Amino acid sequence: MKTFQHAKKLRLGLYVTGLFWALQSVSWAQTATPSALMQYDKPDRQQKLLDAAKAEGNLTVYTAFRPSDLPLILAPFEAKYGIKVKAWRSGSNNVTQRVLREGTSKKSEVDLIMMPASEMAYVWSEKLLQPVSSPFHKDMMASTLPAHNGWAVPFLNVTVHSYNTNLYKKEDLPKTYQDLLHPKWKGNLGVEAKAEEWFTRVVASYGEEQGLKLFKDIVARNGITPRVGASLLHNMVIAGEVPLALTTYIDLPAKDKRAGKPVDWFAMSPVVAQGFAVAVAQRAPNPHAALLFYDYMLSPETQKLLASLHFLPTNTQVPSPYPELKVDIVDPVATLANFTKWSKLFEDTVTKPIK
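It should be emphasised that the depicted structure is a prediction, and the values quoted were computed from it without experimental measurement. (Residues numbered from 1 in each chain as written. Predicted model: local features only at pLDDT ≥ 70, side-chain atom pairs only at ≥ 80, totals over all residues. Heavy atoms only, no water.)

## Quick notes on the nonpolar core
Then, in step 1: Counting 69 residues, the largest nonpolar core has Leu59, Met114 and Phe293 as its most contacted members.
Then, in step 2: Looking at which element gives the most residues to this core, the answer is helix 11 (residues 287-298), with nine residues.
Then, in step 3: Counting residues in hydrophobic clusters, the runner-up holds 29 residues, among them Tyr177, Trp185, Phe199 and Ile224. (Core = buried A, V, L, I, M, F, W, Y, C linked by side-chain atoms within 4.5 Å. Buried < 20%, exposed > 50% of the residue type's maximum accessible area, 1.4 Å probe, protein only. Helix = DSSP H or I, 4+ residues; strand = E, 2+ residues; numbered from the N terminus.)

Here is the structure:
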(Lines give C-alpha, C1' and ligand atoms only; values in the text may rest on other atoms or scores of the structure.)
Protein backbone atom coordinates (compact mmCIF):
# COMPACT_ATOMS: atom_id res chain seq x y z
CA MET A 1 0.00 0.00 0.00
CA LYS A 2 2.81 2.41 0.87
CA THR A 3 4.36 1.70 -2.50
CA PHE A 4 1.18 2.91 -4.20
CA GLN A 5 0.55 6.01 -2.10
CA HIS A 6 3.24 8.24 -3.55
CA ALA A 7 2.37 7.24 -7.10
CA LYS A 8 -1.30 7.81 -6.49
CA LYS A 9 -0.69 11.20 -4.97
CA LEU A 10 1.26 12.26 -8.03
CA ARG A 11 -1.25 10.76 -10.44
CA LEU A 12 -4.42 11.95 -8.84
CA GLY A 13 -3.27 15.31 -7.51
CA LEU A 14 -4.60 14.66 -4.03
CA TYR A 15 -4.20 17.43 -1.52
CA VAL A 16 -2.85 16.51 1.90
CA THR A 17 -6.25 16.92 3.51
CA GLY A 18 -7.95 14.82 0.85
CA LEU A 19 -5.44 12.03 1.28
CA PHE A 20 -5.78 12.21 5.07
CA TRP A 21 -9.54 11.77 4.97
CA ALA A 22 -9.31 9.10 2.31
CA LEU A 23 -7.13 6.94 4.52
CA GLN A 24 -9.09 7.26 7.75
CA SER A 25 -10.79 4.18 9.12
CA VAL A 26 -14.29 5.41 9.80
CA SER A 27 -16.65 2.65 10.80
CA TRP A 28 -19.82 4.20 9.45
CA ALA A 29 -18.21 4.61 6.03
CA GLN A 30 -18.13 0.83 5.65
CA THR A 31 -21.61 -0.01 6.96
CA ALA A 32 -23.74 0.73 3.90
CA THR A 33 -25.70 -2.39 2.96
CA PRO A 34 -25.58 -3.04 -0.81
CA SER A 35 -28.89 -3.63 -2.52
CA ALA A 36 -29.68 -7.26 -3.29
CA LEU A 37 -30.17 -6.23 -6.92
CA MET A 38 -26.48 -5.45 -7.28
CA GLN A 39 -25.79 -9.17 -7.72
CA TYR A 40 -29.27 -10.30 -8.81
CA ASP A 41 -29.39 -12.25 -12.09
CA LYS A 42 -32.89 -13.76 -12.29
CA PRO A 43 -35.14 -13.26 -15.36
CA ASP A 44 -37.15 -10.51 -13.60
CA ARG A 45 -34.03 -8.45 -12.82
CA GLN A 46 -34.74 -5.69 -15.33
CA GLN A 47 -38.28 -5.08 -14.11
CA LYS A 48 -37.27 -5.15 -10.45
CA LEU A 49 -34.41 -2.76 -11.15
CA LEU A 50 -36.59 -0.42 -13.19
CA ASP A 51 -39.27 -0.27 -10.50
CA ALA A 52 -36.71 0.42 -7.76
CA ALA A 53 -34.88 3.06 -9.83
CA LYS A 54 -38.09 4.90 -10.72
CA ALA A 55 -39.11 4.87 -7.04
CA GLU A 56 -35.84 6.68 -6.28
CA GLY A 57 -36.43 9.08 -9.16
CA ASN A 58 -33.03 10.81 -9.02
CA LEU A 59 -29.42 10.11 -9.84
CA THR A 60 -26.28 12.07 -8.92
CA VAL A 61 -23.28 11.54 -11.17
CA TYR A 62 -19.71 12.72 -10.62
CA THR A 63 -17.78 12.56 -13.87
CA ALA A 64 -14.78 13.65 -15.91
CA PHE A 65 -16.63 12.93 -19.16
CA ARG A 66 -15.94 15.37 -21.97
CA PRO A 67 -18.29 18.32 -21.30
CA SER A 68 -19.46 18.76 -24.89
CA ASP A 69 -20.58 15.13 -25.07
CA LEU A 70 -21.98 14.63 -21.57
CA PRO A 71 -25.47 16.06 -22.30
CA LEU A 72 -25.73 13.74 -25.32
CA ILE A 73 -25.25 10.76 -23.00
CA LEU A 74 -27.48 11.91 -20.14
CA ALA A 75 -30.49 13.15 -22.11
CA PRO A 76 -31.52 9.77 -23.61
CA PHE A 77 -31.36 8.14 -20.18
CA GLU A 78 -33.59 10.80 -18.63
CA ALA A 79 -36.04 10.60 -21.52
CA LYS A 80 -36.22 6.80 -21.49
CA TYR A 81 -36.54 6.22 -17.75
CA GLY A 82 -37.95 9.48 -16.37
CA ILE A 83 -35.13 9.72 -13.83
CA LYS A 84 -33.63 13.15 -13.20
CA VAL A 85 -29.85 13.22 -13.45
CA LYS A 86 -27.78 15.75 -11.54
CA ALA A 87 -24.27 15.76 -12.99
CA TRP A 88 -21.19 17.36 -11.46
CA ARG A 89 -18.44 17.48 -14.04
CA SER A 90 -14.76 18.30 -13.43
CA GLY A 91 -11.28 17.02 -14.15
CA SER A 92 -10.46 13.50 -13.03
CA ASN A 93 -8.27 14.78 -10.17
CA ASN A 94 -11.12 16.81 -8.75
CA VAL A 95 -13.66 14.01 -9.20
CA THR A 96 -11.37 11.61 -7.36
CA GLN A 97 -10.80 14.02 -4.49
CA ARG A 98 -14.51 14.65 -4.04
CA VAL A 99 -15.36 10.94 -4.08
CA LEU A 100 -12.66 10.26 -1.49
CA ARG A 101 -13.87 13.04 0.79
CA GLU A 102 -17.50 11.95 0.60
CA GLY A 103 -16.53 8.33 1.07
CA THR A 104 -15.48 9.00 4.63
CA SER A 105 -17.90 11.78 5.50
CA LYS A 106 -21.23 11.56 7.29
CA LYS A 107 -23.13 12.39 4.13
CA SER A 108 -22.48 11.02 0.66
CA GLU A 109 -24.29 12.45 -2.35
CA VAL A 110 -22.70 10.61 -5.27
CA ASP A 111 -24.51 7.63 -6.77
CA LEU A 112 -22.44 6.90 -9.84
CA ILE A 113 -18.91 7.80 -10.95
CA MET A 114 -17.45 8.03 -14.45
CA MET A 115 -13.74 8.76 -14.91
CA PRO A 116 -10.49 7.20 -16.20
CA ALA A 117 -9.88 3.63 -15.13
CA SER A 118 -6.61 4.33 -13.30
CA GLU A 119 -8.37 6.76 -10.96
CA MET A 120 -11.29 4.36 -10.61
CA ALA A 121 -8.92 1.56 -9.63
CA TYR A 122 -7.59 3.78 -6.86
CA VAL A 123 -11.08 4.57 -5.57
CA TRP A 124 -11.87 0.84 -5.62
CA SER A 125 -8.76 0.17 -3.53
CA GLU A 126 -10.21 2.52 -0.89
CA LYS A 127 -13.39 0.36 -0.76
CA LEU A 128 -15.64 3.14 -2.02
CA LEU A 129 -17.33 1.24 -4.89
CA GLN A 130 -19.88 -1.57 -5.06
CA PRO A 131 -19.23 -4.71 -7.10
CA VAL A 132 -22.18 -5.30 -9.40
CA SER A 133 -23.49 -7.84 -11.87
CA SER A 134 -24.82 -6.82 -15.26
CA PRO A 135 -26.24 -8.83 -18.16
CA PHE A 136 -23.96 -6.82 -20.46
CA HIS A 137 -20.72 -7.96 -18.83
CA LYS A 138 -20.59 -11.06 -21.02
CA ASP A 139 -20.27 -8.98 -24.18
CA MET A 140 -17.43 -6.76 -23.01
CA MET A 141 -14.01 -6.59 -24.62
CA ALA A 142 -11.18 -8.37 -22.80
CA SER A 143 -9.35 -6.21 -20.24
CA THR A 144 -12.29 -3.83 -19.78
CA LEU A 145 -13.90 -5.57 -16.80
CA PRO A 146 -11.87 -6.42 -13.67
CA ALA A 147 -12.52 -9.76 -12.01
CA HIS A 148 -13.98 -8.07 -8.92
CA ASN A 149 -16.72 -6.31 -11.00
CA GLY A 150 -16.20 -3.12 -9.04
CA TRP A 151 -16.24 -1.03 -12.19
CA ALA A 152 -16.47 -1.47 -15.95
CA VAL A 153 -15.10 0.34 -18.99
CA PRO A 154 -17.84 1.40 -21.44
CA PHE A 155 -15.39 3.00 -23.87
CA LEU A 156 -11.69 3.49 -24.53
CA ASN A 157 -9.82 6.75 -24.92
CA VAL A 158 -7.54 5.88 -27.83
CA THR A 159 -4.36 7.93 -28.13
CA VAL A 160 -3.36 8.67 -31.71
CA HIS A 161 -1.44 11.44 -33.49
CA SER A 162 -2.98 14.45 -35.20
CA TYR A 163 -1.71 16.90 -37.77
CA ASN A 164 -2.74 20.08 -39.55
CA THR A 165 -3.84 19.10 -43.05
CA ASN A 166 -2.90 22.52 -44.43
CA LEU A 167 0.70 21.86 -43.44
CA TYR A 168 1.18 18.16 -44.13
CA LYS A 169 -0.10 15.55 -46.53
CA LYS A 170 -0.59 11.92 -45.57
CA GLU A 171 2.47 10.85 -47.50
CA ASP A 172 4.58 13.24 -45.40
CA LEU A 173 3.68 11.60 -42.09
CA PRO A 174 6.01 9.41 -40.04
CA LYS A 175 5.32 5.68 -40.06
CA THR A 176 7.37 4.80 -36.98
CA TYR A 177 8.70 6.73 -34.00
CA GLN A 178 12.20 6.41 -35.48
CA ASP A 179 10.99 8.57 -38.38
CA LEU A 180 10.61 11.46 -35.92
CA LEU A 181 14.41 11.77 -35.92
CA HIS A 182 14.22 13.34 -39.42
CA PRO A 183 15.19 17.05 -39.43
CA LYS A 184 11.84 18.05 -41.01
CA TRP A 185 10.17 17.56 -37.63
CA LYS A 186 12.40 20.04 -35.82
CA GLY A 187 10.20 22.47 -33.87
CA ASN A 188 7.01 20.88 -35.18
CA LEU A 189 6.15 18.28 -32.54
CA GLY A 190 3.87 18.61 -29.52
CA VAL A 191 2.75 16.30 -26.73
CA GLU A 192 0.21 16.47 -23.90
CA ALA A 193 2.14 17.20 -20.69
CA LYS A 194 0.44 14.39 -18.72
CA ALA A 195 0.80 11.59 -21.26
CA GLU A 196 2.67 9.22 -18.97
CA GLU A 197 0.59 6.14 -19.75
CA TRP A 198 1.16 6.59 -23.49
CA PHE A 199 4.88 7.16 -22.96
CA THR A 200 5.14 4.06 -20.77
CA ARG A 201 3.57 1.77 -23.35
CA VAL A 202 5.50 3.19 -26.32
CA VAL A 203 8.85 2.98 -24.55
CA ALA A 204 8.09 -0.55 -23.35
CA SER A 205 7.29 -1.64 -26.90
CA TYR A 206 10.90 -0.86 -27.91
CA GLY A 207 12.44 -2.21 -24.72
CA GLU A 208 12.99 0.28 -21.92
CA GLU A 209 16.62 1.14 -22.63
CA GLN A 210 16.20 1.48 -26.38
CA GLY A 211 12.85 3.28 -26.07
CA LEU A 212 14.19 5.87 -23.66
CA LYS A 213 17.21 6.48 -25.91
CA LEU A 214 14.91 6.98 -28.89
CA PHE A 215 12.86 9.65 -27.12
CA LYS A 216 15.98 11.37 -25.79
CA ASP A 217 17.37 11.50 -29.32
CA ILE A 218 14.10 12.88 -30.74
CA VAL A 219 13.99 15.61 -28.09
CA ALA A 220 17.67 16.46 -28.54
CA ARG A 221 17.42 16.73 -32.32
CA ASN A 222 13.96 18.12 -32.95
CA GLY A 223 12.32 18.99 -29.63
CA ILE A 224 8.88 18.00 -28.37
CA THR A 225 6.80 20.83 -26.93
CA PRO A 226 4.55 19.85 -23.98
CA ARG A 227 1.11 21.41 -23.62
CA VAL A 228 -1.24 20.98 -20.67
CA GLY A 229 -4.60 19.58 -21.77
CA ALA A 230 -5.62 17.35 -24.67
CA SER A 231 -8.18 19.86 -25.93
CA LEU A 232 -5.67 22.73 -25.86
CA LEU A 233 -3.10 20.72 -27.80
CA HIS A 234 -5.76 19.64 -30.30
CA ASN A 235 -6.86 23.23 -30.91
CA MET A 236 -3.24 24.30 -31.41
CA VAL A 237 -2.91 21.67 -34.14
CA ILE A 238 -5.98 23.09 -35.89
CA ALA A 239 -4.51 26.60 -35.60
CA GLY A 240 -1.19 25.41 -37.02
CA GLU A 241 0.74 26.41 -33.90
CA VAL A 242 1.64 22.76 -33.29
CA PRO A 243 1.81 21.12 -36.72
CA LEU A 244 1.87 17.56 -35.37
CA ALA A 245 0.68 16.30 -31.97
CA LEU A 246 2.04 12.98 -30.78
CA THR A 247 -0.83 12.49 -28.35
CA THR A 248 -4.49 13.22 -28.91
CA TYR A 249 -7.66 11.30 -28.12
CA ILE A 250 -9.01 9.94 -31.36
CA ASP A 251 -12.49 11.43 -31.02
CA LEU A 252 -11.16 15.02 -31.11
CA PRO A 253 -9.67 15.05 -34.65
CA ALA A 254 -12.34 12.63 -35.88
CA LYS A 255 -15.11 15.05 -34.90
CA ASP A 256 -13.37 18.16 -36.18
CA LYS A 257 -12.33 16.56 -39.46
CA ARG A 258 -16.00 15.74 -40.00
CA ALA A 259 -16.80 19.37 -39.24
CA GLY A 260 -14.46 20.49 -42.01
CA LYS A 261 -11.55 21.72 -39.89
CA PRO A 262 -7.95 21.29 -41.12
CA VAL A 263 -7.07 18.31 -38.95
CA ASP A 264 -6.77 14.55 -39.30
CA TRP A 265 -5.31 11.69 -37.31
CA PHE A 266 -3.01 8.75 -37.92
CA ALA A 267 -1.56 6.02 -35.74
CA MET A 268 1.87 4.51 -35.18
CA SER A 269 2.33 1.25 -33.30
CA PRO A 270 1.62 0.70 -30.46
CA VAL A 271 -1.81 2.34 -30.38
CA VAL A 272 -2.34 3.03 -26.68
CA ALA A 273 -5.85 3.01 -25.23
CA GLN A 274 -6.94 3.96 -21.72
CA GLY A 275 -10.22 2.85 -20.23
CA PHE A 276 -12.89 5.31 -19.14
CA ALA A 277 -14.77 3.59 -16.34
CA VAL A 278 -18.22 3.64 -14.73
CA ALA A 279 -18.98 2.48 -11.17
CA VAL A 280 -21.67 2.54 -8.48
CA ALA A 281 -20.64 4.34 -5.28
CA GLN A 282 -20.52 2.20 -2.13
CA ARG A 283 -22.84 4.55 -0.22
CA ALA A 284 -25.01 5.65 -3.13
CA PRO A 285 -28.26 7.27 -1.91
CA ASN A 286 -29.93 6.03 -5.12
CA PRO A 287 -28.20 2.71 -5.80
CA HIS A 288 -30.86 1.33 -8.15
CA ALA A 289 -30.84 4.41 -10.37
CA ALA A 290 -27.05 4.12 -10.39
CA LEU A 291 -27.16 0.46 -11.41
CA LEU A 292 -29.70 1.26 -14.11
CA PHE A 293 -27.36 3.91 -15.53
CA TYR A 294 -24.43 1.48 -15.26
CA ASP A 295 -26.39 -0.98 -17.42
CA TYR A 296 -27.37 1.84 -19.75
CA MET A 297 -23.72 2.73 -20.41
CA LEU A 298 -22.89 -0.87 -21.33
CA SER A 299 -26.02 -1.52 -23.38
CA PRO A 300 -25.85 -1.83 -27.18
CA GLU A 301 -27.95 1.33 -27.66
CA THR A 302 -25.55 3.51 -25.70
CA GLN A 303 -22.51 1.74 -27.10
CA LYS A 304 -23.74 2.67 -30.58
CA LEU A 305 -24.23 6.24 -29.38
CA LEU A 306 -20.66 6.33 -28.08
CA ALA A 307 -19.42 5.02 -31.43
CA SER A 308 -21.33 7.78 -33.21
CA LEU A 309 -19.48 10.27 -31.00
CA HIS A 310 -16.19 8.75 -32.24
CA PHE A 311 -15.32 6.91 -29.02
CA LEU A 312 -14.25 3.25 -29.11
CA PRO A 313 -17.03 1.19 -27.47
CA THR A 314 -16.16 -1.97 -25.54
CA ASN A 315 -19.28 -4.04 -26.27
CA THR A 316 -18.08 -6.67 -28.73
CA GLN A 317 -21.55 -6.88 -30.31
CA VAL A 318 -21.28 -3.25 -31.49
CA PRO A 319 -19.15 -2.53 -34.59
CA SER A 320 -16.04 -0.50 -33.91
CA PRO A 321 -15.77 2.88 -35.66
CA TYR A 322 -12.06 2.07 -36.03
CA PRO A 323 -11.92 -1.57 -37.18
CA GLU A 324 -8.40 -1.11 -38.56
CA LEU A 325 -6.92 -0.28 -35.15
CA LYS A 326 -5.35 -2.87 -32.88
CA VAL A 327 -5.16 -1.20 -29.50
CA ASP A 328 -2.86 -1.78 -26.53
CA ILE A 329 -5.07 -1.32 -23.46
CA VAL A 330 -3.35 0.21 -20.44
CA ASP A 331 -3.58 -1.82 -17.23
CA PRO A 332 -4.87 0.72 -14.64
CA VAL A 333 -3.56 -1.25 -11.66
CA ALA A 334 -0.08 -1.43 -13.16
CA THR A 335 -0.30 2.29 -13.89
CA LEU A 336 -0.81 3.02 -10.20
CA ALA A 337 1.95 0.66 -9.12
CA ASN A 338 4.57 2.08 -11.50
CA PHE A 339 3.48 5.67 -11.93
CA THR A 340 6.22 7.27 -9.82
CA LYS A 341 8.94 5.71 -11.95
CA TRP A 342 7.36 6.49 -15.31
CA SER A 343 6.20 9.96 -14.37
CA LYS A 344 9.80 10.89 -13.56
CA LEU A 345 11.13 9.25 -16.71
CA PHE A 346 8.57 11.11 -18.84
CA GLU A 347 9.46 14.40 -17.18
CA ASP A 348 13.23 13.87 -17.41
CA THR A 349 13.12 12.58 -20.98
CA VAL A 350 10.39 14.61 -22.68
CA THR A 351 8.99 17.58 -20.77
CA LYS A 352 11.85 18.75 -18.53
CA PRO A 353 14.48 19.17 -21.26
CA ILE A 354 12.29 21.73 -23.05
CA LYS A 355 13.18 25.30 -22.05
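## With respect to the packing of helix 5 (residues 92-103) against helix 6 (residues 117-125)
Then, in step 1: With their axes 10 Å apart at the nearest point, helix 5 and helix 6 run at an angle of 10° to one another. Looking at the two axes, helix 5 sits roughly parallel to helix 6. The element helix 5 and its partner helix 6 pack so that their crossing is right-handed. Here Ser92, Asn93, Thr96, Val99 and Leu100 of helix 5 lie close against helix 6, whose contacting residues are Glu119, Tyr122 and Val123. (Axes fitted to C-alpha atoms, helices over the stretch in contact; angles between N-to-C directions. Parallel < 35°, antiparallel > 145°, perpendicular 65-115°, else oblique. Left-handed = near helix turned anticlockwise from the far one by under 90°. Contact = heavy atoms within 4.5 Å.)

## Some points on the confidence of the model for the protein
Then, in step 1: Residues with a pLDDT of 70 or more make up 90% of the protein, whose mean pLDDT is 90.
Then, in step 2: Counting contacts from residues 1-32, a segment whose pLDDT is below 50, to residues more than four positions away or on other chains yields 55 contacts. (pLDDT = per-residue confidence, 0-100.)

## A closer look at the side chain of Thr159
Then, in step 1: By the element assignment, Thr159 lies in strand 5 (residues 152-164).
Then, in step 2: Ignoring any residue separated from it by four or fewer positions in sequence, one finds Thr159 in contact with Trp198, Thr247, Thr248, Tyr249, Val271, Val272 and Gln274.

## Side note on the packing of aromatic side chains
Then, in step 1: Going through the model one piece at a time under the given rule, you end up with 20 aromatic pairs.
Then, in step 2: Ring centres 5.6 Å apart and planes at 90° place the aromatic pair Phe65 and Phe276 in the edge-to-face group. Remark: Phe276 occurs in strand 10 (residues 271-281) and Phe65 occurs in the loop between strand 1 (58-63) and helix 4 (70-81); sequence separation between them is 211 residues.
Then, in step 3: By relative accessible area, which is 4% here, Phe276 ends up buried.
Then, in step 4: Grouped by ring-pair contacts, the aromatic residues Tyr177, Trp198, Phe199, Tyr206, Phe215, Trp342 and Phe346 constitute a single cluster.
Then, in step 5: Arg98 extends its terminal NZ or CZ atom over the ring of Trp88, reaching a point 4.5 Å from the ring centre. (Phe/Tyr/Trp six-rings, centres within 6.5 Å; stacked < 30°, edge-to-face > 60°. Lys NZ or Arg CZ within 6 Å of the ring centre and 35° of its normal.)

## Focus on the pairing of strand 1
Then, in step 1: Across the six residues that make up strand 1, a large majority, five, are buried.
Then, in step 2: Strand direction decides the pairing type here: strand 1 and strand 2 (residues 84-89), joined by six bridges, are parallel. Residue pairing across strands places Val61 opposite Ala87, the latter belonging to strand 2.
Then, in step 3: With helix 4 bridging strand 1 and its parallel neighbour strand 2, the resulting β-α-β unit is right-handed. (Pairing = 2+ DSSP bridges. Right-handed = clockwise from strand over helix to strand, strands pointing away.)

## A short note on the side chain of Asp264
Then, in step 1: Among the secondary structure elements, Asp264 is positioned in strand 9 (residues 263-266).
Then, in step 2: On the basis of relative accessible area, Asp264 is assigned to the buried category, the value being 7%.
Then, in step 3: A polar side-chain atom of Asp264 sits 3.2 Å from a polar atom in the side chain of Lys257.
Then, in step 4: Every residue in contact with Asp264, bar those within four places of it in the chain, is listed here: His161, Ser162, Tyr163, Thr165, Lys170, Pro253 and Lys257. (Polar contact = N/O pair within 3.5 Å; in protein donor to acceptor, adjacent residues only side chain to side chain.)

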